[in-house]
Amino acid sequence: MKSYRVTLIPGDGVGPELAEATQLCLEATGVKFDWDVQTAGMDVMASEGTPLPERVLESIRKNKVAIKAPLTTPIGTGFRSVNVALRKELDLYACLRPCKSYEGVRSRYKNIDLVIVRENTEDLYAGIEFQKGTSEVLELIANIERLSKRKIRSDSGVSIKPISVMGSERIVRFAFDYARQYKRKKVTAVHKANIMKFSDGLFLEVAREVAKKYPDIQFEDRIVDNMCMQLVQKPELYDVLVLPNLYGDILSDLCAGLVGGLGVAPGANIGTNGALFEATHGSAPKYKGLNKVNPVAMILSGALMLRHLGETQAADRLEKAVADVIREGKDVTYDLKEDRNDPTAVGTREMGQAIIKKMRATANG
Ligand code: NAD
């Protein structure tokens, strides 16, 4: 039987506990894995001088598929986010965030099944910024005033918003290819093209062109502010959303909120040369080592990985077992209980075991 070589980054904080539960659930599907375990982050910084050693990148480049538990980014001092660096170094240009309702998760909405496709490399997130008062920003302001014949206050800081044809084309294509592969009906491009004509306007223009090549899938566009209101009022009207980086960031959290929050929000970062699967949430350091937090977001990220590998039946089995355990509401972590202090809540490990048991029971039944 085929065995998949997959890079596994156990993370820190609650990461290693989530990684262990996820690894066991993935193995219980019957799919064979040959794990290439690669540590990264704060602990590695102390011993190897960098939080993201080249060996980690090499491993993902070679294996092309990785699953990662959350990693802590120290605030103020220390290094930049390893999570962001990984996406940049490997050019993982598409961030995929399915947001689906599971019966038993507390939420104001039911039957939500949305997919967010967020561009990961451009926009205000590109990190091109000029600090107030520096010689660079004053030179930039002078040049902009000369070229645009508009005034910018001299005590301004400036962040740049680049959006390219190439970047827009590949993310919109990704959204349509995803829609086609997973039998989705509609792609909605989200923008503010009425105001930012040369960045968001370009994104929209490219999206309209790409849409013509996919006549089997509906296409429409929405202005981002209207989109936020629509998602709150009638989320059932939407299917796959494709967005530039910043709007994608904000709407991902909005949509995670629609389905009950971070504990059940899986994700993936995908590029031409590799794919990295990870939960949306962080390393929740205050719960480290307590065997307490919800493993579902990382386990569902594992299900996304199975689909990416073409192991559709295994992914379906795993997702169904997760849904059954959540619906029954017995062997679930504190955050999925009606009362967060409910003493019958189980730990990370036990919830993982309940999911495995459910898969086995279905297979035998
Ligand atoms: P966080 O997601 O780690 O935690 C915020 C709160 O959400 C937690 O205190 C907890 O109450 C809840 N929560 C999160 N995950 C949960 C789970 N699985 N089950 C139950 N409850 C859960 O966000 P934060 O506190 O802002 O960040 C902590 C660290 O994680 C930071 O260093 C941050 O940079 C990092 N981070 C990493 C990633 C990543 O690895 N991709 C993503 C986001 C944040």
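The structure displayed is predicted, hence computed values, not measured ones.

### Topic: helix 3 (residues 54-63)
Among all positions of helix 3, only Val56, Leu57, Ser59, Ile60 and Asn63 are buried. When helix 3 is viewed along its axis, its buried side chains cluster within an angular range of 160° and face the same direction. Buried residues in helix 3 make contact with strand 1 (3-9), strand 2 (32-37), strand 3 (65-68), helix 4 (82-89) and strand 12 (275-278). Just downstream of helix 3, lysine 64 is the residue with a positive phi angle, here 70°.

### Observations concerning the side chain of glutamate 119
Relative to the helices and strands, glutamate 119 resides in strand 5 (residues 113-119). It turns out glutamate 119 is buried and unbridged, and the closest side chain with the opposite charge, arginine 170, is 4.6 Å from it. Those residues in contact with glutamate 119 that sit more than four places away from it in its chain are Tyr93, Gly167, Ile171, Leu243, Pro244 and Asn245.

### Comments concerning the packing of aromatic side chains
Tallied over the entire structure, the rule returns seven aromatic pairs. Centre to centre, the rings of tyrosine 93 and phenylalanine 174 are 6.3 Å apart; their planes meet at 85°, and the pair counts as edge-to-face. Here phenylalanine 174 lies in helix 6 (residues 165-181) and tyrosine 93 lies in the loop between helix 4 and strand 4 (94-100), a separation of 81 residues in the sequence. Tyrosine 93 sits in the buried class, given a relative accessible area of 11%. Owing to a relative accessible area of 14%, phenylalanine 174 belongs among the buried residues under this scheme. An aromatic cluster of at least three residues, connected via ring pairs, comprises Tyr4, Phe33 and Trp35. Residue placement shows arginine 118 over the ring face of tyrosine 125; its charged tip is 4.9 Å from the ring centre. Positioned above the aromatic ring of tyrosine 238 is the side chain of lysine 186, whose terminal nitrogen or guanidinium carbon lies 5.1 Å from the ring centre.

### Remarks on the site of the ligand
Around the ligand lies a shell of 20 residues, among which Thr73, Gly282, Ser283, Ala284 and Asn294 are the nearest. A distance of 3.2 Å separates a nitrogen atom of the ligand from a polar atom in the side chain of histidine 281. Between the ligand and glycine 282 there is a distance of 2.7 Å, counted from an oxygen atom to a backbone nitrogen or oxygen. Protein contacts shield 70% of the accessible area of the ligand, which totals 810 Å² for the unbound molecule. Partitioned by chemical class, the residues of the shell around the ligand number eight nonpolar, eight polar and four charged.

### Topic: the pattern of salt bridges
If you walk through the whole model with that rule in mind, you get 27 salt bridges. Between lysine 100 and glutamate 319 there is a salt bridge whose closest N-O contact spans 2.9 Å. Of the two residues, lysine 100 is situated in strand 4 and glutamate 319 in helix 11 (residues 312-328); the sequence distance between them amounts to 219 residues. Note on lysine 100: relative accessible area 34%, which makes it partly exposed. In this structure, lysine 320 and aspartate 324 form a salt bridge, with 2.9 Å as the shortest nitrogen-oxygen distance.

### Section: the domain arrangement of the chain
Entries for the chain in the domain assignment read domain 1 (1-95 + 265-365), domain 2 (108-122 + 164-258) and domain 3 (124-162). When each unit is reduced to the centre of its C-alpha atoms, the spacing between domain 1 and domain 3 is 40 Å.

### Topic: the pairing of strand 4
By the criterion of burial, strand 4 is predominantly enclosed, with six of the seven residues buried. Judged from the three bridges that link them, strand 4 and strand 11 (residues 268-270) form a sheet pairing that is antiparallel. For leucine 96, the partnering residue across the bridge sits in strand 11 and is alanine 268.

Rules used in this analysis
Residues numbered from 1 in each chain as written. Predicted model: local features only at pLDDT ≥ 70, side-chain atom pairs only at ≥ 80, totals over all residues. Heavy atoms only, no water. Buried < 20%, exposed > 50% of the residue type's maximum accessible area, 1.4 Å probe, protein only. Helix = DSSP H or I, 4+ residues; strand = E, 2+ residues; numbered from the N terminus. Arc of directions from axis to C-beta. Contact = heavy atoms within 4.5 Å. Lys, Arg positive; Asp, Glu negative; His and termini not counted. Salt bridge = Lys/Arg side-chain N within 4 Å of Asp/Glu carboxyl O. Phe/Tyr/Trp six-rings, centres within 6.5 Å; stacked < 30°, edge-to-face > 60°. Lys NZ or Arg CZ within 6 Å of the ring centre and 35° of its normal. Near = heavy atom within 4 Å. Polar contact = N/O pair within 3.5 Å; in protein donor to acceptor, adjacent residues only side chain to side chain. Areas by Shrake-Rupley, 256 points an atom, 1.4 Å probe, with all protein chains shown as cover. Nonpolar A, V, L, I, M, F, W, Y, C, P; charged D, E, K, R; others polar. Domains from an automatic or database assignment. Pairing = 2+ DSSP bridges.

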